[in-house]
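Examining the three-dimensional arrangement
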Amino acid sequence: MWDATVIDPSSKFLIQGEVGERTAALTQSLLVQARDRLTDPQGLVLFTDGFLSYQTVFPEVFGRPYQPARRGTRGRFPKTADRIPRSSAHVRIIKEYAGKRVVKVRTEIAAGTRARVEEELQRLGYHKPNTSAVERQNATARRMNSHLARKSLAFARLRVHRVSLAHLVQGIYNWCRTQRGLRSKLDVPKGRQLYLQRTPAMTIGLTDHVWKVRDWLSQPQGVSCRA
């Protein structure tokens with residue numbers, strides 16, 4: 001079972017996480033759930049690995065359906081297609097391996113324009129497309145969730161245990177765990193404290209304080225938000 005995640009590189013907020021077999025169905029569920037939690041789903045640039053299902057599903061989830069014109073005056077109209085808005089793009093970061101070692105990394109713009117991709121890279125402060133935010137979160141999740149640790153005997157014998165612990169880690173990551181890279185300098189220092197430590201949820205403006213794990217678990221229906 002895989003942990004599939006969508007994360008905002010700026011705030012490090014984990015927008016959506018899904019657990020399951022790495023299939024097209026998992027990709028579809030992940031992107032649809034992420035889209036429904038975005039205030040502007042038509043204005044994003046998505047950086048993914050080389051898994052082909054992302055390229056297949058992206059236009060359907062983030063595109064705008066339209067009816068292509070019919071050629072001539074007879075016959076059926078073409079099937080409805082999906083048009084990618086100029087404000088959106090999808091970039092695949094494809095790693096090539098020799099055995100277990102990465103020997104080459106290449107990027108491919110699967111949807112959208114290069115100008116839109118360059119604009120997003122400049123906003124993020126990236127020199128080139130990458131999935132570093134997801135990879136960093138994956139490393140953190142492995143430290144918090146023994147089910148993900150390599151060469152571990154911590155097996156999840158029931159699916160409910162595997163899924164529940166994954167979502168627990170994702171919630172703590174967003175609301176209860178501060179990150180050094182997200183801290184902001186205080187206008188007025190508080191004693192020896194020069195910086196305000198922030199969680200991804202604080203950075204994105206969903207809360208103004210670091211939550212305790214008890215606070216997050218006490219929410220009746222979990223925490224819903226729009227990023």
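As named in an unreviewed UniProt entry, the protein is Transposase, taken from Deinococcus sedimenti.

So, the overall build of the protein
When helices and strands are tallied, the protein shows 7 helices and 9 strands. Referenced to the eigenvectors of the C-alpha coordinate spread, the extents of the protein come out at roughly 75 × 50 × 45 Å. The buried share of the protein, reckoned over its 227 residues, is 35%. Residue pairs in contact within the protein that sit at least 24 positions apart in sequence constitute 52% of those at least 6 positions apart. Per element, the accessible surface of the protein, about 14800 Å² overall, is 49% carbon and sulfur. Where the 40 positive side-chain charges of the protein centre and where its 18 negative ones centre are 4 Å apart.

A short note on the packing of aromatic side chains
Any pair of aromatic rings gets described here by the distance separating the centres and the angle formed by the planes. Across all of its chains, the model carries 4 aromatic pairs by this definition. Seen in terms of ring centroids, W175 and W211 are 4.7 Å apart; in terms of plane orientation they differ by 45 degrees. Their pairing is tilted. Taken as a pair, W175 in helix α5 (residues 159-175) and W211 in the loop between α6 (200-203) and α7 (213-217) lie far apart in primary sequence, 36 residues in all. A relative accessible area of 5% means that W175 is categorised as buried. Given a relative accessible area of 14%, W211 falls into the buried group. Members of the aromatic cluster, each reached through a chain of ring pairs, are F13, W175 and W211. The cationic tip of R22 hangs over the ring face of W2; the distance from NZ or CZ to the ring centre is 4.7 Å. Between the NZ or CZ atom of R83 and the centre of the ring of Y66, over which it lies, the distance is 3.7 Å.

Quick notes on the environment of Q55
Note that Q55 resides in helix α2 (residues 52-62). Counting along the chain gives 24 residues from Q55 to L31, while the straight-line C-alpha distance between them is 11 Å. Not counting residues up to four positions away in its chain, the partners in contact with Q55 are H90, R92, E108 and A110. Side chain to side chain, Q55 and R92 meet in a polar contact 3.3 Å long.

Structural notes on the packing of helix α1 (residues 24-36) against α2
At a minimum axis distance of 10 Å, the contact between α1 and α2 shows a crossing angle of 35 degrees. Considering the relative orientation of α1 and α2, their crossing is right-handed. Packed against α1, whose contacting residues are A24, T27, Q28, L30, L31, V32 and R35, the element α2 presents S53, Y54, V57, F58, E60, V61 and F62 at the interface. Partitioning the contact of α1 with α2 into residue classes produces 9 nonpolar, 3 polar and 2 charged.

Details of the pattern of salt bridges
Taken as a whole, this structure holds 10 salt bridges when the rule is applied. Between D49 and R22 there is a salt bridge, with the nearest N and O atoms lying 2.3 Å from each other. Separated by 27 residues along the polypeptide, D49 in the loop between β3 (45-48) and α2 and R22 in the loop between β2 (14-20) and α1 bring together distant segments of the chain. D49 sits in the partly exposed class, given a relative accessible area of 30%. Taking relative accessible area as the criterion, R22 reaches 30% and is therefore assigned partly exposed.

Examining the nonpolar core
Within the largest apolar cluster, 24 residues are counted, with the highest numbers of intra-cluster contacts made by V6, I15, L31, V61, F62, W175 and C176. Residue assignment for this core shows that the elements contributing at least two residues are β1 (2-7), α1, α2 and α5. Apart from residues no more than four positions distant in its own chain, V6 is found in contact with F13, L14, I15, Q16, L30, L31 and A34. Residues A89, V91, V117 and L124 belong to the second largest nonpolar core, which totals 8 residues.

A word on helix α4 (residues 132-144)
With 13 residues, α4 should reach 18 Å at 1.5 Å per residue; the first-to-last C-alpha distance of 19 Å fits that figure. Looking only at α4, the buried set comprises A133, Q137, A139, T140 and A141. Tucked into the core, α4 has its buried residues touching β1, β2 and α5.

Rules and cut-offs
Residues numbered from 1 in each chain as written. Predicted model: local features only at pLDDT ≥ 70, side-chain atom pairs only at ≥ 80, totals over all residues. Heavy atoms only, no water. Helix = DSSP H or I, 4+ residues; strand = E, 2+ residues; numbered from the N terminus. Buried < 20%, exposed > 50% of the residue type's maximum accessible area, 1.4 Å probe, protein only. Contact = heavy atoms within 4.5 Å. Areas by Shrake-Rupley, 256 points an atom, 1.4 Å probe, with all protein chains shown as cover. Lys, Arg positive; Asp, Glu negative; His and termini not counted. Charge placed at Lys NZ, Arg CZ, Asp CG, Glu CD. Phe/Tyr/Trp six-rings, centres within 6.5 Å; stacked < 30°, edge-to-face > 60°. Lys NZ or Arg CZ within 6 Å of the ring centre and 35° of its normal. Polar contact = N/O pair within 3.5 Å; in protein donor to acceptor, adjacent residues only side chain to side chain. Axes fitted to C-alpha atoms, helices over the stretch in contact; angles between N-to-C directions. Left-handed = near helix turned anticlockwise from the far one by under 90°. Nonpolar A, V, L, I, M, F, W, Y, C, P; charged D, E, K, R; others polar. Salt bridge = Lys/Arg side-chain N within 4 Å of Asp/Glu carboxyl O. Core = buried A, V, L, I, M, F, W, Y, C linked by side-chain atoms within 4.5 Å. Expected span 1.5 Å × (residues − 1).

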